[in-house]
Amino acid sequence: MEEQFYLPVRLLGGRDAVRRNAARFAALGKRCLLVTGRSSAEKSGALADVTAALEENAIAWEVFSGIGENPRLDDCERAAAQAIASGAEFVVGIGGGSPMDAAKAVAVLAANPGMDGASLYSSAPRKRALPLVLVGTTSGTGSEVSAVSVLTDASGRKRSIKGDDLYAAFAFGDAKYTFSMSRKETISTGLDAFCHAMEGYLSPKCGAVCGALAESCLPSLWEGLVSLYEGAELTESLHESLYDGSLVAGFVLNALGTSYPHPLGYILTERYGIPHGRACAVFAPSLLALALDRGCARAKRVTELLGVTTERFSEVFLALADCGGVSLTEEELQALRERLTGVKNYANVPGGFDEVQALALLRRLFGRKTRLLLVRHAESVGNDMAIFQGHIDCDVSENGKKQLDLLSIRLRNVRLDAIASSPLLRAVRSAEAINRFHQLPVEIYDDLIEIDGGDYNGTLWSELPARFPEQNDKWYHDPANFEAPHGDAMREVYERIWRGLLAVVRDHRGQTVCVVSHGSAIRCAVCRMLYGTIDRLGDTPWSDNTGFTTVDFTDDDTPCIVKLNDASHLTPETSSMAKQDWWNG
Ligand code: NAP
Ligand code: FE
């Protein structure tokens, strides 16, 4: 492995590192600018320690405060103007990644009067940045030890710069400054640190040095994150462990860069304001799974080091990342294509990555979903009479009314945007009952109708074997090829219900719709979603009356079953399936 590792930062760590090393400031000059966030420098105690150290050395200082999260170029320009005006000879960044990254940009701009923020991205020759001191207050970015600065440009896009003069002359790594972080900030920054280590560790460029560094911090970062997930108290030792891990992860990040979770995470931060660490972390489970799938030995090692399954890893990361509410339409996804093309970070993905895979991943995780609750109508008079109903228009039975009471209460607090129904009475009555707490118009879709039983319609189930022996046998043993005499073939129902469901989906993109249909029709739809072919209809479960299947459709009409045939609102007394066996043999 051709490995390169260069990290010329004097890291001064441990408790009270600033106080113990105050004399070091003297070598940097007589005036400086302190770049801070909104209040973290004060809250953490770092500002007080730094200003005391400066005063000890008779160094004059000014503060530029108010660097926001995801620091903007124009703020860096304003801070640089202040540095120039005050004759600052060095810059001190105090805070999380945002103020530290801003301080790096300020150090460059202040050394190059007349240079604008946008030129930071250019490779044109410029003077070396002013000397830089960094004091970290979060356990996340490791920006203290890196030559990377992530800045938000005038168009609102996060882009990073890197340069050897962005390394700090010295950096302070005193975990006590992170003690004032809230739980939320600790989670987000901890996730970021973990991603730095894992994204680098899985990179094909990762060699022995970064491998050892990542292996040393991944378990403790994971342990810290799991304890946060499980609600553990935010103790000083937890902060310390996360902070130490974040610095080691910062070494890995600096040497190897990041993989796809970071550039994809930037998009979520820019559009939805999701904090950096959480926005990247939501993509980490997919990266680990992809790497495992591609036989990456280091991915396997990650699971061994953490002692986790991919399922557990996903559970913890997705819960902590907490990116619910993000929803991208197909148009929005397509508009990102160019942005996702040719991203250099993809070189760090084992086996490679491209914009098509990035888009597919974004679609899978965040593509706008249209949710259907596919409800089988309540028990009807025809069910009671044990007749094959098909297109016979029966009302709901007394037990069916009880089922609907239970279902309507169950769905009372589910946000519904629409209710759609088959035209048959038992379905419409069920839709009306569900509507009790929603007051929506009930929309009729003819294609949601049940199989037309033809000569079967209205016949007692008990009479079917004698009257239609061949079709009766198919109904039970080869339902895909069932054809009702003078009625529908099952294959027609299979196509029709799907047309009906897609029509509902297209009319209600991005919404949640309750769709009331029938036993055979829903079974056909579920069969398509489970197996992709009607040939497996015999393996497809029936739904109880008022049972429902929840399905999410992406904008390209791909369904994903969230929950199948859920009838947990029914009691054994009200369940139709619990007491009937006439209709399925
Ligand atoms: P941050 O954006 O610097 O700060 C996040 C929040 O935490 C802010 O509200 C901040 O308040 C608060 N905070 C920070 N320290 C605190 C403390 N000790 N006590 C209480 N509150 C505190 O967070 P970050 O995650 O460290 O940095 C994220 C930025 O770094 C992103 O822009 C990201 O792209 C970048 N990044 C850089 C690198 C790199 O190598 N340079 C690597 C990864 C990410 P204040 O506003 O008061 O400060
Ligand atoms: Fe990061």
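Parameters and conventions
- Starting from 1, residues in each chain are numbered consecutively following that chain's sequence as written.
- Key to labels: chains lettered from A, ligands numbered from 1, both in the order written.
- In keeping with the model being predicted, local features are shown solely for residues with a pLDDT of at least 70 and side-chain atom pairs are shown and tallied solely at 80 or more, while totals for entire chains, interfaces and linings include all residues.
- The basis for every side-chain value is the complete set of heavy atoms in the structure, and neither hydrogens nor water enter the calculation.
- Counted as donors are N, O and S atoms no farther than 2.8 Å from the metal, or 3.2 Å for Na, K and Ca; water is not among the atoms, and sites may therefore look incomplete.
- For four-coordinate sites, all angles between 85 and 135 degrees define a tetrahedron; for four- and six-coordinate sites, opposite donors beyond 155 degrees with the remaining angles between 65 and 115 define square planar and octahedral shapes respectively, and all other cases count as irregular.
- Only DSSP runs of H or I with at least four residues qualify as helices, and only runs of E with at least two residues qualify as strands; both kinds are numbered from the N terminus onward.
- For every residue, the accessible area obtained with a 1.4 Å probe (protein chains only) is divided by the maximum for its type, and the residue is called buried under 20%, exposed over 50%, and partly exposed between those limits.
- The salt bridge definition used is simple: a Lys or Arg side-chain nitrogen within 4 Å of an Asp or Glu carboxyl oxygen.
- Criterion used throughout: strands pair if DSSP finds at least two bridges between them.
- Here the axes come from fitting lines to C-alpha atoms, over the contacting stretch only for helices, and the angles between their N-to-C directions go from 0 to 180 degrees.
- If an angle is under 35 degrees, it is roughly parallel; if it is over 145, roughly antiparallel; if it lies from 65 to 115, roughly perpendicular; otherwise it is oblique.
- Here a crossing is taken to be left-handed if its near helix is turned anticlockwise relative to the far helix by less than a right angle, and right-handed if that turn runs clockwise.
- The contact definition used throughout considers only heavy atoms, calling two residues in contact when any of these lie within 4.5 Å.
- Three classes are used: nonpolar for Ala, Val, Leu, Ile, Met, Phe, Trp, Tyr, Cys and Pro, charged for Asp, Glu, Lys and Arg, and polar for all others, with Gly counted as polar.
- What is meant by a nonpolar core is a set of buried Ala, Val, Leu, Ile, Met, Phe, Trp, Tyr and Cys residues, joined one to another through side-chain atoms within 4.5 Å.
- A molecule or strand has a residue near it when one of that residue's heavy atoms lies within 4 Å.
- Polar contact criterion, stated in full: a pair of N or O atoms within 3.5 Å, where within protein one must be able to donate a hydrogen and the other to accept it, and residues adjacent in sequence count only if both atoms are side-chain atoms.
- Each accessible area value is a Shrake-Rupley result obtained with a 1.4 Å probe; residue values ignore everything except the protein chains displayed when judging cover.
- All domain edges in this entry derive from an automatic or database-based domain assignment.

**A few points about the coordination of the iron ion (ligand 2)**
Phase 1: Looking at the iron ion (ligand 2), one finds its protein donor set to be Asp192 (OD), His196 (NE2), His262 (NE2) and His276 (NE2), positioned 2.1 to 2.2 Å from the metal centre.
Phase 2: Considering all four donor atoms around the iron ion (ligand 2), the spread of angles at the metal, 80 to 168°, places the coordination shape in the irregular class.
Phase 3: Donor residues for the iron ion (ligand 2) sit on one chain with the sequence pattern D-x3-H-x65-H-x13-H. With a gap of 84 residues between them, Asp192 in helix 6 (residues 183-201) and His276 in helix 10 (residues 276-281) connect regions that are remote in the sequence. A single burial state applies to Asp192 and to His276, both of which are buried.

**Remarks on the pattern of salt bridges**
Phase 1: Scanning the model with the defined rule gives 34 salt bridges in all.
Phase 2: In this structure, Arg126 and Asp165 form a salt bridge, with 2.7 Å as the shortest nitrogen-oxygen distance. Of the two residues, Arg126 is situated in the loop between helix 5 (97-111) and strand 5 (132-136) and Asp165 in the loop between strand 7 (158-162) and strand 8 (170-173); the sequence distance between them amounts to 39 residues.
Phase 3: Judged by relative accessible area, which is 35%, Arg126 ranks as partly exposed.
Phase 4: Asp535 is paired through a salt bridge with Arg491; the nearest N and O atoms lie 3.4 Å apart. Here the residue Asp535 occupies a position in the loop between helix 23 (519-531) and strand 13 (548-553), and Arg491 occupies one in helix 22 (residues 490-507), the gap between them amounting to 44 residues.
Phase 5: Bridged by salt links that share partners, the residues Asp16, Arg19, Asp49, Asp174 and Lys176 form one connected network.

**As for the pairing of strand 12 (residues 512-517)**
Phase 1: With respect to burial, strand 12 is a largely interior element, six of its six residues being buried.
Phase 2: Across the two faces of strand 12 the burial is the same, with Thr512, Cys514 and Val516 and Val513, Val515 and Ser517 all buried.
Phase 3: In this sheet, strand 12 lies alongside strand 9 (residues 370-376) in parallel orientation, the contact comprising six bridges. Across the sheet, the residue bridging to Arg371 is Thr512, located in strand 12.
Phase 4: Relative to strand 12, strand 10 (residues 418-421) runs parallel, the two sharing four bridges.

**Examining the packing of helix 7 (residues 208-229) against helix 12 (residues 297-306)**
Phase 1: Two elements in contact, helix 7 and helix 12, have axes whose closest approach is 9 Å; the angle formed by their N-to-C orientations is 40°. In terms of orientation, helix 7 lies oblique with respect to helix 12. The two elements helix 7 and helix 12 cross, and the hand of that crossing is right-handed. Two secondary-structure elements touch here, helix 7 through Gly211, Glu215, Leu218, Pro219 and Trp222 and helix 12 through Arg298, Arg301, Val302, Leu305 and Leu306.
Phase 2: Split into classes, the residues belonging to the contact of helix 7 with helix 12 amount to six nonpolar, one polar and three charged.

**Some remarks on the nonpolar core**
Phase 1: By size, the foremost hydrophobic cluster in this structure holds 106 residues, and its most contacted members are Phe194, Met198, Phe313 and Phe317.
Phase 2: Residues in contact with Phe317, not counting those within four places in the same chain, are Leu191, Phe194, Cys195, Trp222, Leu225, Ala281, Ala284 and Pro285.
Phase 3: Listed in part, the 39 residues of the second largest apolar core include Leu372, Ala484, Val513 and Cys527.

**What about the environment of Val63?**
Phase 1: Structurally, Val63 can be placed in strand 3 (residues 60-64).
Phase 2: Accessibility expressed as a relative area gives 30% for Val63, which makes it partly exposed.
Phase 3: In this structure, the C-alpha to C-alpha distance between Val63 and Cys32, residues 31 residues apart in sequence, is 8.7 Å.

**A word on the site of ligand 1**
Phase 1: Near ligand 1, the surroundings consist of 31 residues, among which Ser39, Ser40, Gly97, Ser98 and Thr138 are the closest.
Phase 2: Interatomic distance of 2.8 Å between a side-chain N/O atom of Thr137 and a nitrogen atom of ligand 1.
Phase 3: Here ligand 1, which alone exposes 920 Å², has 94% of that area covered by the protein.
Phase 4: Only helix 5, strand 6 (148-152) and helix 6 provide two or more residues apiece to the shell around ligand 1.
Phase 5: Tallied by class, the residues present in the shell around ligand 1 amount to seven nonpolar, 17 polar and seven charged.

**Details of the side chain of Thr258**
Phase 1: Examined against the element boundaries, Thr258 turns out to sit in the loop between helix 8 (236-256) and helix 9 (261-272).
Phase 2: Within the structure, the side chain of Thr258 is placed 3.0 Å from the side chain of Asn345, a separation counted as a polar contact.
Phase 3: Once you skip the residues sitting within four places of it in the chain, Thr258 turns out to touch His196, Glu199, Leu253, Pro263, Asn345 and Asn348.

**Observations regarding the domain arrangement of the protein chain**
Phase 1: What the domain assignment lists for the protein chain is domain 1 (10-177), domain 2 (183-233 + 256-366) and domain 3 (370-579).
Phase 2: A C-alpha centroid distance of 40 Å is found between domain 2 and domain 3.

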